[in-house]
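# Summary of the model geometry
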Amino acid sequence: MCDMYDPSNIKPDYYIDHYIEGPIAYTEDHVPVKRLRFFKVCPQMAENTLKAFFERFGNILEWRLAKDPKNMCEHCLGSGVIYSSVEEAEKSLLNYIVSLEGRDLKNTLQHKCLSGEVLYANAEDAASVLLCYPHCEEGKYFKVEPSYTWKQPDVYGTPTAQQSQSTPILSLPDDCLVHILQFLDLGDKIRFARTCQRFRAAYKIAATGSCKTIDTDQFAHMTLWDIYDFFHLTGDKVQDISCILSLKTRFNDEVLAMVAGYCRNLVSLSLHAKAIKKDIMLKMPTSIEKLDFTYCEEFDDLATILKHFSKLKELTCEVTDLQEVWLDVVRANCCPSLEVLNITTDCDADCQILAQLPKLKSVTIKSMFYDKDPSEKFIHQLVEHKAEQLERFEDNSDCTLPRRQLSLIAKLSGLRALILPFVVGMEEIVTEFEDLKNLEELTFYCSKMSHAAILDLFIACPKLSRLTAYGVAKPERELMLNIVTRVRLEQANKEMHRKLPIELGLNRDLKKIDIAFTESNNSSPRHVKIISCQVLKISLFSQQQDYYIDHYIEGPIAYTEDHVPVKRLRFFKVCPQMAAENTLKAFFERFGNILEWRLAKDPKNMCEHCLGSLEGRDLKNTLQHECLSGEVLYANAEDAASVLLCYPHCEEGKYFKVEPSYTWKQPDVYGTPTAQQSQSAPILSLPDDCLVHILQFLDLGDKIRFARTCQRFTAAYKIAVTGWCKTIDTDQFGHMTLWDIYDFFQLTGDKVQDISCTLIAKTMFNDEVLAMVVGYCRNLVSLSLHVKAITKDIMLKMPTSIVKLDFTYCKEFDDLATILKHFSKLKELSCKVSDLQEKAWLDIVRENYCPSLEVLNVTTGTGCQILAQLPKLKSVRIDPQFYAEDPSHKLIQQLVEHKAEQLERFEDTGDCKMPRRKLSLIAKLSELRTLILPFQEGMTKDIVKEFEDLKNLEELTFYCSKMSHADILALLIACPKLSRLTAYGLVKPERELILKIVARVRLEQANKEMHRKLPIELGLNRDLKKIEGLIVKNQVTVPEETIKIISNDEFYDLDNDSSTQKLLLFFNGRIKMNYANILAQYSRK
């Protein structure tokens, strides 16, 4: 059993952003830090001991220590231990449980740890505490961070003179100030209000109407102080708030506490958080009538939470199979006023108990899984308990609703609105719908329902005034005239109970429907309002298409996301069992005149019918030649729009996908000029160098649209991009359309040398973007792919000029060995190595698929030792996949065996401590120039002596809290070329260490044994200002310019006669090294 607690890799629970500039730390609001908060302090530590720790750094003005019910320290939790076997861990856990018997467990958990605050007289002292990381006393670690901005003494500055009252803005009347506030974003408004009392009053006037509804997305670019002031000033006016807490994960509890503390008039609350805690929810105002927990996965005593909101009328949440929770909610009558229930559930969840909520009037149910309908049992309960009370029922599942469920629904006689998914057998049960006397709105999808059946349904429901039927045959004049006739008849008989006009949602071009009305002299259009299906604001299910191209419909025409009319459509996933090509073509010909038609086999897409019929067949041939795809070009854009509106697309009972083709394939992509374009536009009179200069101020999307305008602008664009587009990150494509991306690669691809493809930014364009990289980036040198799966077919088309590949974020590979063999010039590879790929890596090494690979960066669990046999390997960085797991030991053994005299760089970013035996192995890698290690406790004098074999070592980084200054000096002497030494966690360096290092450098120069690169760089946990003071006080021993102290932006030069000896000391948090695993989580700036 060994200690595994790693303090520097555990992120503080409530990390407050700050940065250090010079000797002072500042909050994210640029306020000097003097007040610190500390927490997770072990109660075994005495208060005097803890206070003495902070007093070492400077004069304390205030001190507060209290029990902390929220945070448990690692010592109390027992997480500082790793066991050698599962049996040992289970035995220890059993002993711990036994030790709790007879104890007050609640008090044990709540009062274990301590927390508090400390206020320093000087900001420099507070900064020194933050720099001394990790924080530890008597072997017990705790957390320290700046306190909140508004708690800092200098939060509003320290005025040294009377502020001027003659600022021009102060002469403006209040109504002008209120008007100015309309043009500021929320963060600027808060900072405006913070300026003075008059501005605050103006802000409160302006915020009266605008802040009733708030989404925390607006807080994205605000600091915690800004958010605090917003709630402090405006919270009483907020009535509806949506908290997407993932945007400010470190502030989740703070934001919720502010909502609870200041929004006393809240009516609606939507929480997008993983877990809902009871303690914070019970502090929320009881005035809330609407709660949305849709994106919440964990609840702490949901029944108690809901009982707190006695006025709750609408609830939106997920219902899982935790039936007992909902039983408590119903039986304890926790929601006495609940009328609207919107739930997302799975087919295994017993949600039918919710039908017994006393005042339930509206239910919306959605399935978590495709093709599973959880609503049948629920409907049974609704019929039993709420047949005459329920007014709205909506089923948003993606499966087909059978006839028996429709019959059940027809018994809900109190319904006013009914929204259903695909239904089967609607024609057979039309007569049963006669019981729905109050039904006013009906939406459903049924591909086999005749016009006569629609009319019968309309007649059966005497109050039905909004009917949306998807998938029915095109409405003819007779259907509309029959509806108008029915309306007139009801009016004549004084039986009209419908709201006029009648709203019909149908898959039909509005323009053609207007013609149908016009052709009938006796029709009365004012009685019927036809609504095209795409404009209905109804939450009907939407089945996502695989390669969905963004488009929108305006009037009778569909447009691409680039606002180009759609005439060319692409269809795919067409089942080959469809009778013949003529059958498919006939489907499209129904909508209008076709100019072009193309149909071919599609190896990429499998339709649902083929996927369900693979058993016993030649899978390879089935996958490659089963389905069909193609394109169709219409003469009129209206006809293409009609096809898109007729969704889902089905012929002979077989579904397929239809979407607009790419923008650049549309016939009217560059417009249809009706007259000669003017050549006198003012911008055309500018010389080319001015155009190139203008391009510098445009973002990438605007540059592309500029280049698309004319040939001259294209030439100017190509001149402008010569230098800056060598390195591209696809994050730059975030606000660009696919046409913009296509034109970028077409115009600039040959100049791109380094590209990082974060394809999750445009998930529906993954294949398209990779195809463009393949087709146009022929001079590519470096490729980084952030995508889940790497497919062989696309990678084998990449240019072989690539020398650097990054697959770090890729989880699945299609024949990795073949992919790497394709890149014969590859010199650097970053990727994950897992046991599942062990055979692939064996093939890669044994078949010499990477003959030129020199740099290998791997994230791994186990099974990576074979990589040590790569022939030209010179640099290795290993990052363990799991905390406290060290897979590098076997790899180091193999490196010693095969690469002892070849390897120049080794970096281990693991989180566990490195034992002595591993350090001994590393010391045998005699050609190392750079060595970066994690936390290790075995850097003893014996190991330092073994490091004498590292004659070429120039850079060394490690963490060791028990290493003395004498050992550091011995390590420097042992490695004759060592010129960059970074040691974390050491005690503060004193004068003797600095003087001995300087003396050693002088001795080596005097003996002509100087092999180090000067200046020597030494990274230690020390405040630069204090180091400078130490040197200045000892100028007799250390002449000027012997030492140069450097930080990111401050230089202190102390000169010596002709000496070129320089010693660079830079402290933890200012080091420009790639040792991110230690510092990235804490050194925010």
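Here, every reference points to the structure presented above.
The following paragraphs examine the structure supplied in this document. (Residues numbered from 1 in each chain as written. Predicted model: local features only at pLDDT ≥ 70, side-chain atom pairs only at ≥ 80, totals over all residues. Heavy atoms only, no water.)

### Focus: the side chain of Arg568
To keep it simple, the criterion reads: In this description a helix means any DSSP run of H or I spanning at least four residues, a strand means any run of E spanning at least two, and both kinds are numbered starting from the N terminus. Exposed residues in this analysis have more than 50% of their type's maximum accessible area, buried residues have under 20%, and partly exposed residues fall in between, with area computed by a 1.4 Å probe over protein chains only. Think of a polar contact as two N or O atoms within 3.5 Å of one another; within protein, one of them needs to be a possible hydrogen donor and the other a possible acceptor, and neighboring residues in sequence only count if both atoms come from side chains. By definition, residues are in contact when any of their heavy atoms lie within 4.5 Å.
By the element assignment, Arg568 lies in strand E27 (residues 568-574). Looking at Arg568, the relative accessible area reads 13%, which means it is buried. Polar side-chain contacts of Arg568 include one of 3.2 Å to the side chain of Glu596. Arg568 has contacts with Glu596, Glu631, Val632, Leu633, Pro660, Ser661, Lys665 and Gln666, leaving out every residue within four places of it along the chain.

### Quick word on the sheet that holds strand E8 (residues 135-137)
Basically, it comes down to this: Being paired, for any two strands, means DSSP has found at least two bridges between them. A fitted line through C-alpha atoms represents every axis, and for helices the fit uses only the stretch in contact; the resulting angles, taken between N-to-C directions, go from 0 to 180 degrees.
Strand order across the open sheet formed by five strands is E5-E7-E4-E9-E8, with antiparallel pairing between neighbours. The open sheet has two free edges, formed respectively by strand E5 (60-68) and E8, since each of these has just one partner strand. The sheet shows a mean angle of 25° between the axes of neighbouring strands, taken without regard to direction. As defined by bridge partners, E8 adjoins strand E9 (residues 140-146) across three bridges and the pair is classed as antiparallel. Its bridge partner lying in E9, Cys136 is registered against Tyr141. Sitting on the sheet, helix H5 (residues 123-131) touches strand E4 (35-41), strand E7 (113-120), E8 and E9, and the angle it makes with E9 is about 135°.

### Some details on the nonpolar core
Convention followed: Residues enter a nonpolar core if they are buried and are Ala, Val, Leu, Ile, Met, Phe, Trp, Tyr or Cys, with the set joined through side-chain atoms within 4.5 Å.
Ranked by size, the top nonpolar core spans 112 residues in total, and within it Phe293, Leu306, Leu354, Phe393 and Phe444 carry the most contacts. The element contributing the most residues to this core is helix H9 (residues 224-234), with seven residues. Beyond its immediate chain neighbours, meaning those up to four positions away, Phe293 contacts Leu271, Ile276, Met281, Phe299, Leu302, Leu306, Leu315, Thr316, Cys317 and Glu318. Phe706, Met798, Phe813 and Ala868 belong to the second-largest nonpolar core, a separate cluster that totals 111 residues.

### Thoughts on the packing of helix H7 (residues 186-193) against H9
Using the following cut-off: Angle categories: roughly parallel below 35 degrees, roughly antiparallel above 145, roughly perpendicular from 65 to 115, and oblique for all the rest. Amino acid classes used here: Ala, Val, Leu, Ile, Met, Phe, Trp, Tyr, Cys and Pro are nonpolar; Asp, Glu, Lys and Arg are charged; the rest, including Gly, are polar.
Orientation of H7 relative to H9, taken along the N-to-C sense of each, is 70°, at an axis distance of 10 Å. As far as their axial angle goes, H9 and H7 are roughly perpendicular. Counting all contacts with H7, which are made through Leu186, Ile190, Arg191 and Ala193, the residues of H9 involved are Asp226, Asp229, Phe230 and Leu233. Taken together, the residues of the contact of H7 with H9 sort by class into five nonpolar, no polar and three charged.

### Considerations on the sheet that holds strand E29 (residues 627-634)
Strand order in the open sheet formed by five strands is E28-E29-E27-E31-E30, and the pairing between neighbours is antiparallel. Each edge of the open sheet carries a strand with a single partner, namely strand E28 (594-602) and strand E30 (649-651). Averaged over neighbouring strand pairs, the angle between their axes works out to 25° when direction is ignored. In this fold helix H22 (residues 637-645) packs onto E27, E29, E30 and strand E31 (654-660), with an angle of close to 135° to the strand it touches most, E31.

### A few points about unusual backbone geometry
Between Leu500 and the following residue, Pro501, the backbone shows a cis peptide bond with an omega angle of 0°. Unlike most non-glycine residues, His563 shows phi in positive territory, near 65°. Looking at the secondary structure, you find His563 in the loop between strand E26 (557-560) and E27. Judged by its relative accessible area of 56%, His563 is exposed. Here Lys1008, not a glycine, exhibits a phi torsion of approximately 55°, which is positive. Of note, Lys1008 is situated in the loop between helix H35 (991-1006) and strand E45 (1016-1020).

### Details of the packing of aromatic side chains
Spelled out, the test is: Each Phe, Tyr or Trp ring, with Trp reduced to its six-membered ring, pairs with another whose centre is within 6.5 Å; inter-plane angles below 30 degrees give stacked pairs, above 60 give edge-to-face pairs, and intermediate values give tilted ones. By the criterion adopted, a ring carries a charge over it if an Arg CZ or a Lys NZ lies within 6 Å of its centre and within 35 degrees of its normal.
Across all of its chains, the model carries 32 aromatic pairs by this definition. Measuring from centroid to centroid gives 4.0 Å for Trp664 and Tyr742, while their planes differ by 5°, and the two rings are stacked. Note that Trp664 is positioned in the loop between E31 and helix H23 (688-695) and Tyr742 in helix H26 (residues 738-748), a separation of 78 residues in sequence. A residue is classified by how much of its surface remains accessible, and Tyr742, at 16% relative accessible area, is buried. Between the aromatic rings of Phe733 and Phe745, the centroid separation amounts to 5.8 Å while the plane-to-plane angle is 75°, which identifies the pairing as edge-to-face. With Phe733 in the loop between strand E32 (727-729) and H26 and Phe745 in helix H26, this pair connects stretches of sequence that are 12 residues apart. There is no split in this pair, since Phe733 and Phe745 are both buried. These aromatic residues form a ring-pair network of at least three members: Phe38, Phe53, Phe54, Phe57, Trp63 and Phe142. Here the basic side chain of Arg498 rests over the ring of Phe458, its NZ or CZ set 3.9 Å away from the ring centre. Here Arg708 stacks its cationic end above the ring of Trp739, 3.6 Å away from the centre of that ring.

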